[in-house]
Amino acid sequence: MRLRYSDVTPSTLYLSRRELMAGALALAAVGGDAASTTAAAPAPAGAALPATPNPAYRVDDAPTKFEAASTYNNFYEFGVNKEDPSRLGHTLKPRPWHVQVDGLVARPKTFDVEEILKLAPLEERIYLLRCVEAWSMVIPWIGYPLSALLKQAQPRPGAKYVEFTTLKDPEQFPAQKPTFFGLGSLDWPYTEGLRLDEAMHPLTLLTVGMYGHVLPNQNGAPLRVVIPWKYGFKSAKSLVRIRLTDTEPKTAWNKAAPQEYGFYSNVNPNVDHPRWSQGTERRIGEFRRRKTLMFNGYADQVASLYTGMDLKKNY
Amino acid sequence: MTARGRAALKTAVWLVALVPLAHLVWGWWTDDLTVNPIEYVTRQLGETAIRLLLATLALTPIRLLFGVSWPITLRRLLGLFAFFYVTLHFAVWIVLDHFFDWRTMGDDIAKRPWITVGVTAFLLLVPLAATSTTGMIKRLGGATWRRLHQLIYVAGVLGVLHYIWLAKKVLVQPWVYAVLLATLLGIRAWATARKLSARWIVLGSRG
Ligand code: HEM
């Protein structure tokens, strides 16, 4: 089933768009049924996951409809189209699941995901999500700061970076099967990385749920990171390994197209992607573009991480 | 081919070529254009445009390879439909995507090669559409008209380049179109080369 626009749009916006389109196309005569097609949203799939809302981390804009956030996804392990992850997500088995925390740490350990869930109190935080493709969403995530896990592992003095690795298993991720000359494929497994201070930043969320429920497979079950001031692809999904290192980790999109995707990939309206402007974005469910904010609106919390850095060079 | 056969064929092309548009209108009507409708519509129109452009460019190679010439009667119709979809594609970008924000659009055209070549391809197709009538062919004269209409090769190449440059590096689809276009143009080049070399042989045997 393809998602309807009305499923993700507040009815007022939806109506104004409809009227606008109707006017533009001179088809106004039949617009009257618009409101009645705005169906009540079904409850999110997956088990409920209790979490305490953290009022320090919320945004004023209304959250994106769950149906949009769970059907319009970039998750190339399932395929290159936005609908592939929700269509094929059932092939991923999020239990049993282990994640290895190792590298330059005093206490390396392989965690069962159930342990991860109990390691720190679960909070609900409403974050902005900005995709490098110039669209955005507002999502209530459930998790706790990644720093809680990293502190347990005790980073050693030489540790400067954190590398995240997504599961590699073609049985669970159909698009990881070998393709003709590697066409249409990234270099699996998907890896991402952060500087250690970015990883320890209170905004960086180790995430296990969204919209009050366990993370759907297509959104990176059973656990992922969410780094709201960076483009979405930095927030690696379905993690099996978190490794601390002294060298900058290689990241999947940087390997595929180094001129387009740098290591930092901070949301920055002043540094264009070679193929499109990053100055504006389309909020899913809205009609007109919005201005993109520096660090996706989190500048007062994260700008100090980058003082003295040339962000045009370190894109 | 009989006149009635030609009419039936053209009706069929009309129907097939209008399916993608009908699909979008239906999607708009039933509110079924995905959660990012503007992107979806832009892409559907672009995809249809490139397909029709390649279909237009396929008719002569079909004649060259298989010796059937009736498809040539569809060239004008297919070419005009290709232009129609490119125009809609462009219009959606101007009206729905950027809402007449001329500064941003000008910036995009100047700065982003994939948009520069897209707009160029569109502009190259304008004189072709404008001179597509039988009256215009007569006014220009066959030779001039044919030379002018060779611009469609350039538009085809730029259209494919537009897709290659806009798509993420790992996508396959643009390369499929690139291979198709190269094949179609290759067949023409091969036929032209053969004709030229045949003429050389004739000339040579005379001298
Ligand atoms: C002969 C002319 C053109 C052809 C054949 C063409 C074809 C295409 C194709 C095949 C796509 C990709 C569709 C897909 O992803 O499935 C596309 C996308 C696009 N085209 Fe064009 N196009 C042309 C001209 C233009 C012009 C003049 C503009 C406006 C400046 C334009 C703007 C776009 C945009 C914005 C996209 C979507 C990019 C994205 O979503 O990432 N195109 N076009």
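Just so it is clear, the structure is predicted and the values come from calculations on it, not from any experiment.

(A) Main features of the overall build of chain A. From N to C terminus, chain A includes 8 helices and 13 strands. Counting across all 315 residues of chain A, residues that qualify as buried make up 56%. Sequence separation of at least 24 residues holds for 72% of the intrachain contacts in chain A that already meet a minimum separation of 6. Of the roughly 13,500 Å² that chain A leaves accessible, carbon and sulfur atoms contribute 57%.

(B) How the structure looks around the layout of surface pockets. All names here are of chain B. What the second largest pocket holds in volume is close to 1,100 Å³. Taken together, 32 residues form the lining of the second largest pocket, with Thr60, Arg75, Trp145, Tyr153 and Arg188 sitting closest to its centre. Here the lining of the second largest pocket is built from residues that sort into 16 nonpolar, 8 polar and 8 charged.

(C) Structural context of the site of the ligand. Residues and elements named next belong to chain B. The immediate surroundings of the ligand are formed by 17 residues, with Arg43, Glu47, His89, Trp93 and His162 found nearest. Here a nitrogen atom of the ligand and a side-chain polar atom of histidine 162 are 2.9 Å apart. One of the side-chain nitrogen or oxygen atoms of tyrosine 163 is found 3.4 Å away from an oxygen atom of the ligand. Secondary-structure elements contributing two or more residues to the shell around the ligand are helix H2 (37-66), helix H3 (75-97), helix H5 (113-130) and helix H8 (151-166).

(D) The arrangement of the pattern of salt bridges in detail. All names here are of chain A. A full pass over the atoms with the stated rule returns 26 salt bridges over all chains. Note that aspartate 187 and lysine 255 form a salt bridge whose closest N and O atoms lie 3.3 Å from each other. Placement of aspartate 187 in the loop between strand E6 (161-166) and strand E7 (191-195) and of lysine 255 in helix H7 (residues 252-256) is noted, with a sequence separation of 68 residues between them. Taking the relative accessible area as the measure of exposure, aspartate 187 reaches 45% and is therefore partly exposed. Where salt bridges share partners, they join Asp61, Arg130, Glu281, Arg283, Glu286 and Arg290 into one cluster.

(E) Up close: a positive patch on the surface. Together, Arg63, Arg75, Arg146, Lys195 and Arg199 of chain B give the surface a local cluster of positive charge. Structurally, lysine 195 of chain B is set in helix H9 (residues 173-206).

Cut-offs applied
Going along each chain's sequence as written, the residues are numbered from 1 onward. Think of it this way: whatever chain is written first is A, whatever ligand is written first is 1, and the rest follow in order. Local features are withheld for residues below a pLDDT of 70 in this predicted model, meaning they are given only at 70 or higher, and side-chain atom pairs are given and counted only at 80 or more; totals for whole chains, interfaces and linings count all residues. Side-chain measures here rest on the full set of heavy atoms in the structure, leaving out hydrogens and waters. Runs of H or I in DSSP of at least four residues are treated as helices and runs of E of at least two as strands, each being numbered from the N terminus. Each residue is assigned to one of three classes by its accessible area relative to the maximum for its type, calculated with a 1.4 Å probe on protein chains only: buried under 20%, partly exposed between the two thresholds, exposed over 50%. Between two residues, a contact is recorded if the distance between any of their heavy atoms is within 4.5 Å. The method behind every accessible area is Shrake-Rupley, applied with a 1.4 Å probe, and residues are considered shielded solely by the protein chains displayed. A cavity here means a set of 1 Å grid points, computed over protein atoms only, where a 1.4 Å probe fits but cannot escape. A pocket is an open set with protein on both sides within 12 Å along at least 5 of 7 lines, and lining residues have an atom within 4 Å of a point. Grid points are joined across faces, edges and corners, and a volume is the space filled by probe spheres set on the points. Ten residue types, Ala, Val, Leu, Ile, Met, Phe, Trp, Tyr, Cys and Pro, are classed as nonpolar, four, Asp, Glu, Lys and Arg, as charged, and the remainder, Gly among them, as polar. Any residue with a heavy atom lying within 4 Å of a molecule or strand is counted as near it. Polar contacts here mean pairs of N or O atoms no more than 3.5 Å apart (in protein, one a potential hydrogen donor and the other a potential acceptor; neighbouring residues in sequence count only if both atoms are side-chain atoms). Take a side-chain nitrogen of Lys or Arg and a carboxyl oxygen of Asp or Glu: if they are within 4 Å of each other, that pair is a salt bridge. Like-charged residues within 9 Å of one another, or nonpolar side chains (Val, Leu, Ile, Met, Phe, Trp, Tyr) within 5 Å, are grouped into patches, provided each residue has over 30% relative accessible area and no salt bridge. Residues scored as positive are Lys and Arg, those scored as negative are Asp and Glu, and His as well as the terminal groups of each chain are ignored. The atom standing in for a charge is NZ when the residue is Lys, CZ when it is Arg, CG when it is Asp and CD when it is Glu.

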